[in-house]
Amino acid sequence: MAVETTTFFDWASNQGVSFWEVVARNFTHHGRFGPVPITNNVQLLQQEDRLDLLLSPTQFGLLSGLVLFLFLRHKIARWKEEHSHLKITSKDDLRRTVYTFLTFLEFLVISPLLLTVLFTFQMYRLAIQTILQQRHGKHFKGLLDGADVVWAIEDQNSRGMINIMANVEEPFTDWSSIDGSISAVILLTLRKRISSRLMRNYQPYPKMFWKRNVALGYYFWSDQSELTVEDYIRYMDTIPLADGQRFIEDNQLRSLLSKINNRHLPAEHTSSWEVLVGKQPLFDEDRRVLKYPILFRVHHSLGDGVALMRLLLEAIVDKEVPSRWKHLSKLKVMNINYILKQQKAANHHRLAVGETFLQRVWKSLPSAEELTARRDKFARILWTIYTAPAFFHDVSRRQADNNCIHASEMANEKVVSWIQEDHTSSTHWVEIIKRTKRLIPGTRFSDVFLTALSSSLDTYFASQTSKPPKNLTVVLPARIEKETPHLRLHNRFSVALQTLPISPGIQMNDANRHYALTNRILAINYWIMSKMTCLFPEAILRKILKSAHSTLAISNLPGPQQLPRIQGKELKNLSFFIPNLGTTAVGITLLTYGGKLQLGILADRAVIRTEEEAHSILKGAVEEIERMGQLLEEA
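Worth saying up front: this structure is predicted, and the values here are computed from it rather than measured.

A.B. asks: Let's hear about the overall build of the protein: which residues, and what values?
C.D. replies: When helices and strands are tallied, the protein shows 19 helices and 18 strands. Across the protein, contacts joining residues at least 24 apart in sequence account for 76% of those joining residues at least 6 apart. Carbon and sulfur atoms provide 57% of the accessible area of the protein, an area that totals close to 35800 Å².

Structure below.
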């Protein structure tokens, strides 16, 4: 019986069928490949009872090469996306690349002198640390870290506090029921929870209760504080009410917070936080609810915005607490955290006893993921070192902003305002920003908001002066590491300087309004900044940090998607306000909270005189976001 020596692919191309169709029709493979009907010839079956390869060596090699090519192309594409900042696409990019390289060479030339200076200050810092440790003994808790020192360097006109405001609501029945009892309940609840969760003998975050001191030109922590929970958590100042007035208005609360936000903290401003509970409610007539304000004031040297927000929510909100945790003894052996820690250490010791030396060595070796993370971190450090000289050259040559909200000197009075997207409203500001971001590749959430803010500032400048600036400098704090599962109170942020173009907003009668919006968003350019602050004493560091370039600071903080509760009542309308630093007299904040956008602004009265003027800037940005939503509906 003649057998064809054709391959399956040759046969299939002639027959117009696939291999799976052959199998479905109950055919077997003869020789290399090809359909042969099933036969009863036992000898023929014995000869054919084997499974040859589906591909010839040539075809297998071609297919392997194709798979390898596709894999390498995918990897190269991913590498290009991750390192797009290295790509040279124009003469400006080439010029910038050469400029960065030359400034780095200049840095290498003077690096011996710089290293000598830094080493000298490092030795001086260690000497000061030793002196303070001998002077204060066990009460000395170390010098402040570099990022913490940034916010400890402050003056009377601009203290480094983050103010976080929230509301607790109560259904309104009638005016006779307003007795302020809910505020008393909230005050007592906060005191109990802070005492039991944070102030017990085993303190999970002892840094919260340390004092911030300065001596010999350096800031340091000390645990010599005698404050009680009553000193930390108090009632908010009351607002004088007119005859017949039963609740406070929004403008009255704004005026009060404007006075409070820059006020010193307890213990002559050496403590790091306080909580103020309002006794006077606001009245929401549409929803028929009373809103009691709560103000959390935390010094920025305690931690960055992410850490402080986590601390706030973990310390005060409702959560499931086992009954045996409710009455903890002050004795260390009865503390549940101490017991769990000791049990974990004992279990680890028991597991390690039976291990061989090679097993322990093998377990100590980093995994592939850890090696990759270390490699990426090391590459980022090298890239920062390489680009830092060019950045400092740029900053030294940069001209200071010149506009009506840029301060040369600040007053000791602030203005505060906010716009909160209520959870019961039908607005979708966050969704509009996200949808706009998705339409333009490479765009970030903050880019879209800055575009809306640009148009709002253009309107504001036009109302204040006849010649609005073409651009201004914005400070953008950004976290430089991911948040760990266990809360750590520290500042882990870097700062970017961005030139924000000031241009009119969306004109709904413009035929090219979609194209114009895209161009405005793509005009957002980011700069990179590195910092080295912990080595220098206060007198030198104060000169370094007193920047006169920037006009405003913008902070974007993602909040929790679920609304936390206090005594079963939701904590609503969460907003925060960042402090002024140096001569940057305006700070604008974004917080996405429960899927809704909360905006806040804090400004010095030297540049923005009233709360109404500050509020108009936020209102203009929101109106521009809503116009973006109209463009999305048209698209």
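A.B. asks: Would you mind going over the packing of helix H7 (residues 181-197) against helix H11 (residues 305-316) in detail, with residue names and values included?
C.D. replies: Across the interface, H7 lies against H11 with an axial gap of 8 Å and an inter-helix angle of 100 degrees. In terms of axis orientation, H7 runs roughly perpendicular to H11. On H11, the residues touching Leu190, Arg193, Ile194 and Arg197 of H7 are Glu314, Ala315 and Ile316. Split by residue class, the contact of H7 with H11 holds four nonpolar, no polar and three charged.

A.B. asks: Could you give me a rundown of unusual backbone geometry, with the residues and numbers involved?
C.D. replies: We note that leucine 216 has phi near 55 degrees; this positive angle belongs to a residue other than glycine. By secondary structure assignment, the location of leucine 216 is in the loop between strand E5 (211-215) and strand E6 (218-222). Residues other than glycine seldom take positive phi values, yet glutamine 567 does so here, at roughly 55 degrees. Tracing the backbone through its elements, the reader meets glutamine 567 in the loop between strand E15 (565-566) and strand E16 (569-577).

A.B. asks: Tell me what's going on with the confidence of the model for the protein, and back it up with residues and numbers.
C.D. replies: Put simply, the protein has an average pLDDT of 76, and 72% of its residues get 70 or more. Within the protein, the lowest mean pLDDT, 44, falls on helix H3 (residues 42-48), and the highest, 94, falls on strand E7 (residues 233-235). Taken together, the stretch residues 22-53 has pLDDT below 50 and engages in 39 contacts with residues farther than four places along the chain or on a different chain.

A.B. asks: Which residues make up the packing of aromatic side chains, and what values do they have?
C.D. replies: Note on aromatic pairs: each is described by the distance of the centres and the angle between the planes. Counted according to the given criterion, the structure contains 13 aromatic pairs. Pairing phenylalanine 104 with phenylalanine 107 gives two aromatic rings, centres 6.2 Å apart and planes at 35 degrees, and the pair type is tilted. Separated by three residues within a single helix, phenylalanine 104 and phenylalanine 107 lie in helix H5 (residues 91-136), roughly one turn from each other. With a relative accessible area of 17%, phenylalanine 104 lands in the buried category. Under the relative-accessibility criterion, phenylalanine 107 is labelled partly exposed at 28%. With centroids separated by 4.3 Å and ring planes inclined at 5 degrees, the aromatic side chains of tyrosine 232 and tryptophan 273 adopt a geometry described as stacked. Of this pair, tyrosine 232 sits in helix H8 (residues 229-232) while tryptophan 273 sits in strand E8 (residues 273-277), and the two are 41 residues apart along the sequence. Judged by relative accessible area, tryptophan 273 falls into the buried class, the value being 5%. Connected via pairs of aromatic rings, a cluster forms that spans Phe104, Phe107, Trp383 and Tyr386. Directly above the aromatic system of tryptophan 418 lies the positively charged group of arginine 254, at a separation of 4.7 Å from the ring centroid. Sitting over the ring of tyrosine 235, lysine 279 keeps its end group 4.8 Å from the ring centre.

A.B. asks: Tell me about the side chain of asparagine 580, and name the residues and values.
C.D. replies: Topologically, asparagine 580 is positioned in the loop between E16 and strand E17 (586-593). Given a relative accessible area of 4%, asparagine 580 falls into the buried group. Those residues in contact with asparagine 580, other than ones at most four positions away along the chain, are Ser158, Met410, Lys414, Ala585, Val586, Gly587, Leu602, Ala603 and Asp604.

A.B. asks: Quick rundown of the packing of helix H15 (residues 429-439) against helix H19 (residues 611-634)? Include the residues and the values.
C.D. replies: The contact between H15 and H19 brings their axes to 9 Å, and the two run at 55 degrees. The pairing of H15 with H19 is recorded here as oblique in orientation. For the crossing formed where H15 meets H19, the hand is left-handed. Between H15 and H19, the contacting residues are Trp429, Ile432, Ile433, Arg435, Thr436 and Leu439 on the first element and Val622, Ile625, Glu626, Met628, Gly629, Leu632 and Glu633 on the second. For the contact of H15 with H19, the per-class residue count stands at eight nonpolar, two polar and three charged.

A.B. asks: Please give an account of the pattern of salt bridges that cites residues and values.
C.D. replies: This structure, assessed with the given rule, holds 18 salt bridges. Note that aspartate 237 and arginine 263 form a salt bridge whose closest N and O atoms lie 2.8 Å from each other. With aspartate 237 in the loop between E7 and helix H9 (250-260) and arginine 263 in the loop between H9 and helix H10 (266-269), this pair connects stretches of sequence that are 26 residues apart. Look at aspartate 237 and you get partly exposed, because its relative accessible area is 34%. With relative accessibility at 26%, the residue arginine 263 sits in the partly exposed group. Note that lysine 572 and glutamate 570 form a salt bridge whose closest N and O atoms lie 3.7 Å from each other.

A.B. asks: Any chance you could break down the sheet that holds E6 for me, citing the residues and the numbers?
C.D. replies: In space, the three strands of this open sheet follow the order E3-E6-E5, with antiparallel pairing throughout. Each edge of the open sheet is held by one strand with a lone partner, namely strand E3 (140-143) and E5. Sheet twist, expressed as the mean angle between neighbouring strand axes with direction ignored, is 35 degrees. Sheet topology note: the E3/E6 ladder contains two bridges and is antiparallel.

Rules used in this analysis
- Residues numbered from 1 in each chain as written.
- Predicted model: local features only at pLDDT ≥ 70, side-chain atom pairs only at ≥ 80, totals over all residues.
- Heavy atoms only, no water.
- Helix = DSSP H or I, 4+ residues; strand = E, 2+ residues; numbered from the N terminus.
- Contact = heavy atoms within 4.5 Å.
- Areas by Shrake-Rupley, 256 points an atom, 1.4 Å probe, with all protein chains shown as cover.
- Axes fitted to C-alpha atoms, helices over the stretch in contact; angles between N-to-C directions.
- Parallel < 35°, antiparallel > 145°, perpendicular 65-115°, else oblique.
- Nonpolar A, V, L, I, M, F, W, Y, C, P; charged D, E, K, R; others polar.
- pLDDT = per-residue confidence, 0-100.
- Phe/Tyr/Trp six-rings, centres within 6.5 Å; stacked < 30°, edge-to-face > 60°.
- Buried < 20%, exposed > 50% of the residue type's maximum accessible area, 1.4 Å probe, protein only.
- Lys NZ or Arg CZ within 6 Å of the ring centre and 35° of its normal.
- Left-handed = near helix turned anticlockwise from the far one by under 90°.
- Salt bridge = Lys/Arg side-chain N within 4 Å of Asp/Glu carboxyl O.
- Pairing = 2+ DSSP bridges.

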